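Listed here are the chains, written in short residue letters.
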Amino acid sequence: MDSIENSEFMDKTSSPDSPSTQLEQNVSVLDILVTLAENARLLVAGPLLVGIIALGIGYLQPQSFESVAVLQADSAAASLMTTAAVLDPVGAKLGLVKVESVDEARRMLREQIKVTVGRNDKLLTLTVSASTPKQAQAIGNAVLEQSYLRSSPKGTSRARLETQLAEAQGRLKNAQNAAIGMLKGMESSSGNGADQVRGYAELLAASAAAQAQISELEAKLEGLSESQLVQPPTLPEKASHPKKAMQAIGATLATGLILLLYVFIRQGLRNMASDAEAAGKLARIQRALGLKKSGYLGG
């Protein structure tokens, strides 16, 4: 009987809703609040000080401005813009070759230029970064100018494309003439057979395919041009780097988290030191890590 009563008593005292459990929870919450209150000045002033320092460092860092241009072009044009055929004349025009070697000027320009082609809209975006807005825009314009000159095929490549264009134009003319003749025959005949309708549809499809090929070949022969320019290089008004506000906020939050962990770890060590058994284990850990001399711990 006594064992049953003892077990019931233990169940009541160990249940989550028992007064003793609620008291322990309240005490732990109060301990946390006391720790935060005692270290409020450190937890507030520390992150704010680090955030102000990070903001000041952001103002001291060199600024970078980005000029953006958008074209209707493919990945081949994107690759062309970062080649030596384009970058070397750009470096010479901007006077970079006078200060640096040709290879170094080309490397610097490649670091400043970023070219991407969208998967959905198929638009080429040219982004140029520089220390001043006008310099970024000037580099963007120079890259586009050289890309226009270098993108047009020359020599045997141009001759091959011109031959293909002439052949496609001939196929288009033949298909159009055949379609016109078949249409006149269908109009003059009393009945339109299925074979005539099918043949006329095939001729129209052949004409459309030839026209599409002609447009593609003409675009290749022309290369990049200003007509494909959707947005000319912009003149940026604000620096893109460094992001001073984000830098300061990130430093403030990181410092606050580190200080919060430090405060709770320090408080936990203090609580362990006040417990005889925990203090002994803590001393053994410190001795194993060489933080305290064994003679001192023994004393």
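These numbers come from a predicted model, not from an experiment.

> So what exactly am I meant to see when it comes to the overall build of the chain here?
Looking only at helices and strands, the chain has 13 helices and four strands in total. Counting across all 299 residues of the chain, residues that qualify as buried make up 26%. Summed over all atoms, the accessible surface of the chain reaches about 19,800 Å², with 59% contributed by carbon and sulfur.

> How should the side chain of S225 be read in this particular structure?
Here S225 lies in the loop between α10 (194–222) and β4 (229–231). Classification of S225 as buried rests on a relative accessible area of 14%. A polar atom in the side chain of S225 sits 2.6 Å from the side chain of S227.

> Would you explain the sheet that holds strand β1 (residues 65–71) in this entry?
Within a beta sheet, neighbouring strands are joined by backbone hydrogen bonds and run either parallel or antiparallel to one another. One open sheet accounts for four strands, arranged β2-β3-β1-β4; its pairing is antiparallel. Each having just a single partner strand, β2 (113–117) and β4 make up the two edges of the open sheet. For this sheet the average axis-to-axis angle between neighbouring strands, irrespective of direction, equals 25 degrees. Judged from the five bridges that link them, β2 and strand β3 (residues 124–130) form a sheet pairing that is antiparallel. Bridge pairing links K114 to T127 in β3.

> Could you clarify how one ought to interpret helix α3 (residues 40–60) in this entry?
Two residues of an α-helix separated by three or four positions point the same way, owing to the 3.6 residues in each turn. Spanning 21 residues, α3 covers 31 Å between terminal C-alpha atoms, matching the ideal 30 Å at 1.5 Å per step. Buried within α3 we find L43, G46, P47, G51, A54 and G58. All buried residues of α3 fall inside an arc of 125 degrees around its axis, so they share one side. Exposed residues lying more than 90 degrees from the buried face of α3 are R41, L49, I52, Y59 and L60.

> I keep staring at a nonpolar patch on the surface and nothing clicks. Help me out?
Taken together, V29, L30, I32, L33, L36, L260 and F264 make up a surface patch of nonpolar side chains, about 550 Å² in accessible area. Going through the elements one at a time, α2 (19–38) and α11 (244–274) are the ones with two or more residues in the nonpolar patch. When residues in the nonpolar patch are grouped by element, the largest group, five residues, is from α2. Position of I32 among the secondary structure elements: in helix α2.

> Mind showing me how you'd approach the pattern of salt bridges here?
Any two side chains of opposite charge can pair, so long as their charged atoms come close to each other. In total, this model carries five salt bridges according to the counting rule given. Salt-bridge contacts for R106 lead to D103; the nearest nitrogen and oxygen are separated by 3.4 Å. Placement of the pair is R106 and D103 together in helix α7 (residues 102–112), with a separation of three residues, close to one helical turn. Taking relative accessible area as the criterion, D103 reaches 53% and is therefore assigned exposed. Across the pair R107 and E111 runs a salt bridge whose closest N-O atoms are separated by 2.4 Å. Of the two residues, R107 and E111 are both situated in helix α7; the distance of four residues between them amounts to about one turn of the helix. Since its relative accessible area comes to 38%, R107 is described here as partly exposed.

> What is the right way to read the environment of A179 from this model?
Here A179 is to be found in helix α9 (residues 156–188). Here A179 falls in the buried class, since its relative accessible area comes to 6%. Separated by 20 residues in the primary sequence, A179 and G199 have C-alpha atoms spaced 8.5 Å apart. Look past the residues within four positions of A179 in its chain and what remains in contact with it is Y200 and L203.

> In this structure, what is going on with the confidence of the model for the chain? I would like to understand it.
When pLDDT drops low, the exact placement of atoms in the prediction is not to be read closely. Looking at the chain as a whole, its pLDDT mean stands at 80, while 83% of the residues score no less than 70. In the predicted structure, residues 294–299 sits below a pLDDT of 50 and forms four contacts with residues beyond four places in sequence or in another chain.

> Could you clarify how one ought to interpret the nonpolar core in this entry?
The nonpolar side chains of soluble globular proteins are, as a tendency, buried together. Grouped together as the largest cluster of nonpolar side chains are 24 residues, with contacts concentrated most on M81, L109, I113, L124, L126 and V143. Among the secondary structure elements, those contributing two or more residues to this core are β1, α4 (75–80), α5 (84–93), α7, β3 and α8 (133–151). In terms of residue count, α8 provides more of this core than any other element does, five residues in total. Excluding residues that lie within four positions of it along the chain, V143 makes contacts with M81, V86, V90, I113 and L126. Judged by nonpolar contacts, the second largest core, of eight residues, contains L165, A168, L172 and L221.

What counts, and where the lines are drawn
- Residues numbered from 1 in each chain as written.
- Predicted model: local features only at pLDDT ≥ 70, side-chain atom pairs only at ≥ 80, totals over all residues.
- Heavy atoms only, no water.
- Helix = DSSP H or I, 4+ residues; strand = E, 2+ residues; numbered from the N terminus.
- Buried < 20%, exposed > 50% of the residue type's maximum accessible area, 1.4 Å probe, protein only.
- Areas by Shrake-Rupley, 256 points an atom, 1.4 Å probe, with all protein chains shown as cover.
- Polar contact = N/O pair within 3.5 Å; in protein donor to acceptor, adjacent residues only side chain to side chain.
- Pairing = 2+ DSSP bridges.
- Axes fitted to C-alpha atoms, helices over the stretch in contact; angles between N-to-C directions.
- Expected span 1.5 Å × (residues − 1).
- Arc of directions from axis to C-beta.
- Patch = residues over 30% accessible without salt bridge, like charges linked within 9 Å, V, L, I, M, F, W, Y side chains within 5 Å.
- Salt bridge = Lys/Arg side-chain N within 4 Å of Asp/Glu carboxyl O.
- Contact = heavy atoms within 4.5 Å.
- pLDDT = per-residue confidence, 0-100.
- Core = buried A, V, L, I, M, F, W, Y, C linked by side-chain atoms within 4.5 Å.

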